[in-house]
Amino acid sequence: MATLCRPAVSVPEHVITMEETLELARTIHADHPQLPLALRLMENTGVRKRHILRPIEETLKHPGFEERNAVYEAEAKARVPAVIHRALEDAELRAADIDVIIYVSCTGFMMPSLTAWMINTMGFRSDTRQVPIAQLGCAAGGAAINRAHDFCSAYPDANALIVACEFCSLCYQPTDLGVGNLLSNGLFGDGIAAAVMRGKGGTGVSLERNGSYLVPETVDWIAYDVRATGFHFKLDKRVPGTMEPLAPALKELAGQHGWDASDLDFYIIHAGGPRILDDLSKFLGVAPEAFRFSRATLTEYGNIASAVVLDALRRMFDEGGTPESARGLLAGFGPGITAEMSLGRWTTSGSSRATGVSARGSVPKTTVTSRAFVDAYTDTEEPGSAG
């Protein structure tokens, strides 16, 4: 079984608190007729602080889509390598041991993908496969896990590297006054995450089954409107209700595996905000505490898009993992409305830590150093939040 090892996560050095965000909204949009609604929605996201690439004074400016995308590329190249190195070391592998790189991001665009730059500069083999995913939004973290699982199932001796790079602050649109866009200004943060899926050995979540589900007729509920100024986030007021149709998909996947989705040992979930987690707790019949890792990510980092699932998993590792063979569910939700889901067990058996030797006999390197789907959305006329 392929094992998803400990993720490495990094967030930028600049921090903005929710109090600062609310004060900025009051100052910048003082005359907005729906400002009280936007403030209420932001307050209910559960976000306490977020990390952003640039000081807030620079973030609030819009120098143009071309310049922003240049910043995306430069910052990705500057920040991603250190996160990858940590993920490789946690998996006790080297870059040359990786057979496929799955790179996910929805906040900037490069062609060729950053994967080509990684292969050229970071010691990956020239025959390393590249799988860039750019249009699944927040669901892409779950999709990357699933595609890595598929690859390692097809090639049992292979290893996959997952990288999520999201600079949501580069998508700030100062002239977009829609309530959904104002809400996103107080919800999304920047973050980078990477994790290795080992075909053999390793400590982490041994994946056993994965699946996808798209809620019919919801393609415009979470979307980008691509304009000359870049990516404008579009949110539908019906988004907070998406757990009602998605919870049965989670139950169905677990049932196909002979498991009960309401009776698992751990849950690693991406969500745009507490409303989704609260509803999932209700529809799955599990205690709210089951989603503590996802809530912690939202509180401390905001919604870091595709990186949320990996950060929530990292928090479970930091807590000490779970008992051997504990069963769990990982899921990401995003545009479509799409769910990317996987099932697995915690494992330390077969870990290279027992032998000190990584896959293919390589010696490990020395260690280097919402509410947004918001509770406030009880009025069906209010817009939704992001996946």
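Small disclaimer: the values here were computed from a predicted structure and weren't measured. (Residues numbered from 1 in each chain as written. Predicted model: local features only at pLDDT ≥ 70, side-chain atom pairs only at ≥ 80, totals over all residues. Heavy atoms only, no water.)

Looking at the packing of aromatic side chains
Then comes step 1: Enumeration over the complete set of coordinates arrives at eight aromatic pairs.
Then comes step 2: Ring geometry for Y72 against F167: centres 5.7 Å apart, planes inclined by 70°, an arrangement best described as edge-to-face. With a gap of 95 residues between them, Y72 in helix α4 (residues 65-91) and F167 in strand β7 (residues 159-167) connect regions that are remote in the sequence.
Then comes step 3: We classify F167 as buried; its relative accessible area is 1%.
Then comes step 4: Between the aromatic rings of Y224 and F233, the centroid separation amounts to 6.0 Å while the plane-to-plane angle is 65°, which identifies the pairing as edge-to-face.
Then comes step 5: By relative accessible area, Y224 is classed as partly exposed at 30%. (Phe/Tyr/Trp six-rings, centres within 6.5 Å; stacked < 30°, edge-to-face > 60°. Helix = DSSP H or I, 4+ residues; strand = E, 2+ residues; numbered from the N terminus. Buried < 20%, exposed > 50% of the residue type's maximum accessible area, 1.4 Å probe, protein only.)

Brief notes about the pattern of salt bridges
Then comes step 1: Under the criterion given, the structure shown has 23 salt bridges.
Then comes step 2: Its salt-bridge partner being R79, residue E13 comes within 3.2 Å of it at the nearest N-O pair. With a gap of 66 residues between them, E13 in the loop between β2 (8-10) and β3 (14-17) and R79 in helix α4 connect regions that are remote in the sequence.
Then comes step 3: One salt bridge in this structure joins R315 and E300, with 3.2 Å as the shortest N-O distance. Residue R315 is found in helix α11 (residues 308-318), and its partner E300 is found in helix α10 (residues 292-301); the two are separated by 15 residues along the sequence.
Then comes step 4: Judged by relative accessible area, R315 falls into the buried class, the value being 10%.
Then comes step 5: The structure contains a network of salt bridges with shared partners spanning R6, D90, E300, D311, R314, R315 and D318. (Salt bridge = Lys/Arg side-chain N within 4 Å of Asp/Glu carboxyl O.)

Let's talk about the confidence of the model for the protein
Then comes step 1: Scored by pLDDT, the protein comes out at a mean of 87, with 90% of its residues at no less than 70.
Then comes step 2: This model gives residues 351-386 a pLDDT under 50, and the stretch forms 126 contacts once residues within four places in sequence are excluded. (pLDDT = per-residue confidence, 0-100. Contact = heavy atoms within 4.5 Å.)

Things to note about the state of the cysteines
Covalent bonding between the sulfur atoms of two cysteines is what defines a disulfide.
Then comes step 1: Going through the model one piece at a time under the given rule, you end up with zero disulfides.
Then comes step 2: With no disulfide of its own, C106 lies closest to C138 among cysteine sulfurs, the gap being 6.1 Å.
Then comes step 3: Of all cysteine sulfurs, the one in C168 lies closest to C165, which takes part in no disulfide; the gap is 9.8 Å.
Then comes step 4: Residue classification places C165 among the buried residues on the basis of a relative accessible area of 0%. (Disulfide = S-S within 2.5 Å.)

Remarks on the side chain of S281
Then comes step 1: Looking at where S281 falls in the secondary structure, it is placed in helix α9 (residues 274-284).
Then comes step 2: Overall, the relative accessible area of 9% leaves S281 in the buried class.
Then comes step 3: For S281, the residues in contact, after removing those within four places along its chain, are V286, A287, P288 and F291.

Quick notes on the pairing of strand β14 (residues 336-347)
Then comes step 1: Extensive coverage of β14 is indicated by the burial of 11 of its 12 residues.
Then comes step 2: In the sheet, strand β9 (residues 204-218) pairs with β14 via 11 bridges, with the strands oriented antiparallel. In the sheet register, L207 faces β14, and the bridge partner there is G344.
Then comes step 3: By the bridge criterion, eight bridges tie strand β13 (residues 327-334) to β14 in an arrangement that is antiparallel. The residue of β14 that forms the bridge with A331 is M341. (Pairing = 2+ DSSP bridges.)

Observations regarding the packing of α4 against helix α5 (residues 114-121)
Then comes step 1: At a minimum axis distance of 11 Å, the contact between α4 and α5 shows a crossing angle of 65°. Handedness of the crossing formed by α4 with α5: right-handed. Residue-level contacts link A76, K77, V80, P81 and I84 of α4 to L114, W117 and M118 of α5.
Then comes step 2: In the contact of α4 with α5, the residues fall into seven nonpolar, no polar and one charged. (Axes fitted to C-alpha atoms, helices over the stretch in contact; angles between N-to-C directions. Left-handed = near helix turned anticlockwise from the far one by under 90°. Nonpolar A, V, L, I, M, F, W, Y, C, P; charged D, E, K, R; others polar.)

Some thoughts on the nonpolar core
Then comes step 1: In terms of nonpolar packing, the biggest core is built from 53 residues, with M42, L250, Y267, I269, L280, L284 and F333 touching the most fellow members.
Then comes step 2: Ranked by the residues each element gives to this core, the list is headed by helix α8 (residues 243-256), at seven residues.
Then comes step 3: Apart from residues no more than four positions distant in its own chain, I269 is found in contact with L277, L280, F291, S294, V308, V309, L329, A331 and F333. (Core = buried A, V, L, I, M, F, W, Y, C linked by side-chain atoms within 4.5 Å.)

As for α8
Then comes step 1: Relative to the 20 Å expected for 14 residues at 1.5 Å per residue, α8 spans 20 Å between its end C-alpha atoms, a close match to the ideal helical length.
Then comes step 2: Of all the residues in α8, the buried ones are M243, L246, A247, A249, L250, L253 and A254. Seen from one end, α8 has its buried residues packed into an arc of 160°, which puts them on one side.
Then comes step 3: The secondary structure elements touched by the buried residues of α8 are β9, α9, β13 and β14.
Then comes step 4: Immediately beyond the C-terminal end of α8, within one or two residues, lies G258, with a positive phi of roughly 80°. (Expected span 1.5 Å × (residues − 1). Arc of directions from axis to C-beta.)

Quick word on the pairing of β7
Then comes step 1: Along β7, nine of the nine residues are buried, which leaves the element largely enclosed by surrounding structure.
Then comes step 2: Residue alternation in β7 divides its side chains into two sets, N159, L161, V163, C165 and F167 and A160, I162, A164 and E166, and both sets are buried.
Then comes step 3: As paired elements, strand β5 (residues 100-104) and β7 share five bridges and run parallel to each other. Within β7, the residue paired with I102 across the bridge is I162.
Then comes step 4: Pairing geometry for β7 and strand β8 (residues 190-198), over nine bridges, is antiparallel. Opposite F167, over in β8, you have D190 as the bridge partner.

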